[in-house]
Each structure stands twice: as structure tokens, then as C-alpha cells.
Amino acid sequence: MLLGPLMMGLEGTRLSSEERTLLCHPRVGGVILFSRNFQSPEQLRALTDAIHALRRPPLLIAVDQEGGGVQRFREGFTRLPAPGVLAAVYDRDPAQARALSHDMGWLMASELLACGVDFSFAPVLDLGRGVSRVIGDRAFHSRPEAVVHLARGWVAGMRDAGMAAVGKHFPGHGSVAPDSHLELPRDPRARSALEGADLVPFRRLAGDRLPGMMTAHVIYQAIDPLPATFSGYWIGEVLRGELGYEGAVFSDDLGMAAAAEAGPLPRRARAAMEAGCDMVLLCNHPEAVPAVLRHLPDPDPVSDMRLVRLHGRPVVDNWRKLHRLTRWQETVRRVRGQDPSPEGELEV
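Residues numbered from 1 in each chain as written. Predicted model: local features only at pLDDT ≥ 70, side-chain atom pairs only at ≥ 80, totals over all residues. Heavy atoms only, no water.

Regarding the side chain of aspartate 103
What counts, and what does not: Secondary structure elements follow DSSP: runs of H or I no shorter than four residues count as helices, runs of E no shorter than two count as strands, and numbering proceeds from the N terminus. We call two residues in contact whenever any of their non-hydrogen atoms come within 4.5 Å of each other.
Tracing the sequence through the fold places aspartate 103 in helix H4 (residues 94-113). Apart from residues lying up to four places away in sequence, aspartate 103 is in contact with Thr331, Arg334 and Val335.

Comments concerning the layout of surface pockets
Counted only if it meets this: Note on definitions: the grid is 1 Å and covers protein atoms alone; a cavity is a set of points where a 1.4 Å probe fits but cannot get out; a pocket is an open set with protein on both sides within 12 Å along at least five of seven lines; lining residues have an atom within 4 Å of a point. Grid points are joined across faces, edges and corners, and a volume is the space filled by probe spheres set on the points.
A volume near 250 Å³ is recorded for the second largest pocket. In terms of lining, the second largest pocket is formed by 17 residues, of which the most central are Val155, Arg159, Met163, Ala165 and Pro211. Take the lining of the second largest pocket: its biggest share by element is four residues, from helix H5 (residues 144-161).

A short note on the packing of aromatic side chains
Stated precisely, the cut-off is as follows: Centres within 6.5 Å are what make two rings of Phe, Tyr or Trp a pair, Trp counting through its six-membered ring; a difference in plane orientation under 30 degrees is then read as stacked, over 60 as edge-to-face, and the rest as tilted. Partly exposed residues are those whose accessible area sits between 20% and 50% of the maximum for their type, while under 20% is buried and over 50% is exposed, using a 1.4 Å probe and protein chains only.
Across all of its chains, the model carries twelve aromatic pairs by this definition. Ring centres of phenylalanine 121 and phenylalanine 250 lie 5.2 Å apart, and the angle between their planes is 80 degrees; on these two criteria the pair is classed as edge-to-face. In this pair, phenylalanine 121 sits in the loop between strand E6 (119-120) and H5 while phenylalanine 250 sits in strand E11 (residues 248-253), placing the two residues 129 residues apart along the sequence. Overall, the relative accessible area of 0% leaves phenylalanine 250 in the buried class. These aromatic residues form a ring-pair network of at least three members: Phe170, Phe202, Tyr220, Tyr233 and Trp234.

Quick look at the packing of H5 against helix H7 (residues 199-207)
We count it as follows: The convention used is that axes are lines fitted to C-alpha atoms, helices contributing only their stretch in contact, and that angles between N-to-C directions extend from 0 to 180 degrees. For this classification, under 35 degrees means roughly parallel, over 145 means roughly antiparallel, 65 to 115 means roughly perpendicular, and everything else is oblique. In this scheme the crossing of two helices becomes right-handed for a clockwise turn of the near helix relative to the far one and left-handed for an anticlockwise turn of less than a right angle.
Look at H5 against H7: their axes get within 8 Å of each other, and the N-to-C directions meet at 40 degrees. Here H5 lies oblique to H7, going by the angle between them. Crossing geometry of H5 relative to H7 is assigned as right-handed. Contacts from Pro144, Glu145, Val147, Val148, Ala151, Arg152 and Val155 in H5 reach Val200, Pro201, Arg204 and Leu205 in H7.

Looking at unusual backbone geometry
It is generally the case that most residues other than glycine have a negative phi and that most peptide bonds are trans. For the peptide bond that leads from alanine 122 to proline 123, omega is 10 degrees, which places it in the cis range. With respect to the element layout, proline 123 can be found in the loop between E6 and H5. Residues phenylalanine 170 and proline 171 are joined by a peptide bond in cis, for which omega reads 0 degrees. Positive phi is not limited to glycine here, since arginine 209 has a value of about 65 degrees. Within the secondary structure, arginine 209 sits in the loop between H7 and strand E9 (212-215). Assessed through its relative accessible area of 65%, arginine 209 is described here as exposed.

Comments concerning the nonpolar core
Stated precisely, the cut-off is as follows: By nonpolar core we mean a set of buried residues, namely Ala, Val, Leu, Ile, Met, Phe, Trp, Tyr and Cys, connected to one another through side-chain atoms within 4.5 Å.
Ranked by size, the top nonpolar core spans 113 residues in total, and within it Leu6, Phe119, Phe121 and Phe250 carry the most contacts. Not counting residues within four places of it along the chain, the set of residues in contact with phenylalanine 119 comprises Met7, Leu60, Ile61, Ala62, Val63, Met163, Ala164, Val166, Phe250 and Leu310.

Here's the deal with the pattern of salt bridges
Defined as follows: Salt bridges are defined as contacts in which a side-chain nitrogen from Lys or Arg sits within 4 Å of a carboxyl oxygen from Asp or Glu.
Under the definition given, this model contains 21 salt bridges. For the salt bridge of aspartate 91 with arginine 143, the shortest nitrogen-to-oxygen distance reads 3.6 Å. Taken together, the residues aspartate 91 in helix H3 (residues 86-92) and arginine 143 in the loop between E6 and H5 connect sequence positions 52 residues apart. Taking the relative accessible area as the measure of exposure, aspartate 91 reaches 48% and is therefore partly exposed. For arginine 152, the salt bridge is made with aspartate 208, and the minimal N-O distance between the two is 2.7 Å. Note that arginine 152 is positioned in helix H5 and aspartate 208 in the loop between H7 and E9, a separation of 56 residues in sequence.

Structural notes on empty space enclosed by the protein
Counted only if it meets this: All amino acids are sorted into three groups, where Ala, Val, Leu, Ile, Met, Phe, Trp, Tyr, Cys and Pro are nonpolar, Asp, Glu, Lys and Arg are charged, and the leftover types, Gly among them, are polar.
If you walk through the whole model with that rule in mind, you get one cavity of 30 Å³ or more. Approximately 30 Å³ is the volume attributed to the largest cavity. Every residue along the wall of the largest cavity is listed here: Glu66, Pro83, Ala122, Pro123, Val124, Arg138, Phe140 and Trp154. Looking at side-chain class alone, the lining of the largest cavity contains six nonpolar, no polar and two charged residues.

Side note on the side chain of serine 110
If you trace the backbone, serine 110 turns up in helix H4. Taking relative accessible area as the criterion, serine 110 reaches 6% and is therefore assigned buried. If we skip the residues at most four places from it in the chain, serine 110 touches Ala161 and Leu322.

Looking at the packing of H4 against H5
Packing of H4 against H5 brings their axes to within 7 Å, and their N-to-C directions diverge by 35 degrees. The way H4 lies across H5 gives a crossing that is right-handed. Facing Pro94, Ala97, Arg98, Ser101, His102, Met104, Gly105, Trp106, Met108, Ala109, Ser110 and Leu113 of H4, the residues of H5 in contact are His149, Leu150, Arg152, Gly153, Trp154, Ala156, Gly157, Met158, Asp160 and Ala161. Within the contact of H4 with H5, the residues separate by chemical class into twelve nonpolar, seven polar and three charged.

Regarding the pairing of E9
Successive residues of a regular strand alternate their side chains across the two faces of the sheet. Basically, it comes down to this: Strands pair, by our definition, only if DSSP identifies at least two bridges between them.
Of the two faces of E9, the one lined by Gly212 and Met214 and the one lined by Met213 and Thr215 are each fully buried. Sheet analysis places strand E7 (residues 166-170) next to E9, joined by four bridges and oriented parallel. Residue pairing across strands places valine 166 opposite glycine 212, the latter belonging to E9. The pairing of E9 with E11 spans three bridges and is classified as parallel.

This is how it looks when you write it as C-alpha cells:
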């Protein structure tokens, strides 16, 4: 059974009978989890085991676990600082900052994999220019080359743990102020301005064969009239063509306000797929899932080949074993030594 093109959210900490039925639909390929789906590492493992047991190959299970304000699972997990804390370290000592980024990527991935989560939508490749209200300290740095250096460390840490990385938000969300969860951002710059700035991390990480990329719900109005998620130009011509990217392409959440530009939810899903996405996300609208499934294409063998590479391959697949590792204990100490991040969770 191929992985379908829809990644859907769940309502609670256990699967309902209705959710079990939907997850067996051939056009479903994955689940994205949130804090509403989490009580403890033990409960999370029971939930992921139940999801993975439904199908062969198993459905993908993802989460946004970046650190700082974007950490869905907290109780029992190591509190991760926001990636932005690495900027000051990088300015003093780039090698130390990259080593810390590797630690943070490894720790995040190891703890998720030990609870049965396949991957996190991380790292953020956007520039932290102090412009975007929704990116903020989720970004590593304001300078493109620094973002590349730190992101490569994070990706390597994830890979060492057995997790594939998914960079976001192509082709760059860090230079527009509006929050795409609430409104549609428009970036007026010419393509040449993006080339030397926002596009640099995506170009370099695409060249590294990053396993996954997530698109931005942003219109770059001097370049293309559509948000990147629904743009054949950005996904087909630029990402696939110019950048030669061969990994899996995910839409950002189709329920966000910025995605309304493409119409009702079923039409948004279809438009994102036609633009070149391999999988689309519908995180918070369970009532719309049946209609969206009717508008999606059947699973595609090429997309399936890209998506199956995102299944977790944990080096340590047991929570207790992980906590006994000297490496885990030492990494926790190093990561906790960084500047603390705000306790509150961002709704992103």
C-alpha cells in the first residue's frame, strides 16, 4: 500500500474509531501530532504504536519539535532552547555553535524516535532578521551563510539519531512581517534580492539532498502571483528544476489563513498537489478531511519513494534505554547550559 498525499491531525490522546477508519484510507499517508495529542512519553508511545500498526508500510508520524516556543511535547522531554540562541554563540565561535546545533538536533530526534515519532518538521531555514512575527528566534541567524552552517549541524545531529530532516519554509518566510497563520504575507522583492539572501539556505541544503522541504504560504508578488505552496513556478521550476531537489515536498498547514487564497480546503489541497507537493497537511479541521480526500489524487509511486525515506530509523528505540546512554546524559547537560527559551508555546 503506497503512502497517500494527506497528512492529517488527530483530536485527542487516543485514536477514535472514526480516526482509525480515516487513517486506513488509501489517500492518507501520515499524521501530524500536537500538544493536544500528548500527555506523557508512555502515552505518546502507545499512540504512535497504534498508528503504525494500522498499515504496511506504516503511516508517517510527524510533529513540530523545534525548541523554544515550538515544542509540542514537554512533560518528560528535555526542554530545548530556541535555535536562535545559537546566533550569539556563532558570532563568537562558529565551530562551537555548529557542535551545539548538532547536539540539539540529535537530542530532539533521539527523544522523538524513542517514542515512535518518525520525524520533526525541522530545521527552520528562514532568516532571523527580526522582521517576521512568526519566525523570530525559530531561525538560527540573520545571515544566510550562518543559517547554512548551523542547519547543517542540526541536520547531521538528526541523521545520527536516525531521523530525516525537513527544512522550512521554502523559499523563505523570514523577511515578511505578517503571520501566515492569520493573514497572507506578500513579499515585494525581486528574485535577485532573494537569491543573495533567503534562498541561499534552501539552495545549499537542497544540494545536500535534504530529505524533505516544506513550502511557505507567502506571495512573492514581483515573481509569481500565487503563494509558494500553490505555485508551479516555485515548486516545479525553482525547487525541482533550478535547485535540482529530489526529496519530498510538503505544504504548510492548509488550514492557515494565508492558504485561503486558493479557495475552500478541498480546492487548496488539490492546488498544492498540482503545484508539485508530495504531501499536504490538514492539521486542525477534522470535519473537512472526508471532502479533502475526495479531491486528492490517488497515491503516486514517485511521491511514495520520496516519502518512505522519512520513516524513522532509530539508533535507540526505547525511552528507558535512551536515558541510560552516557551520550544522552552529556548532551542534555550541554543543551540545558544554553540560554533558556520562553516557557509558552507558540500556536504555529
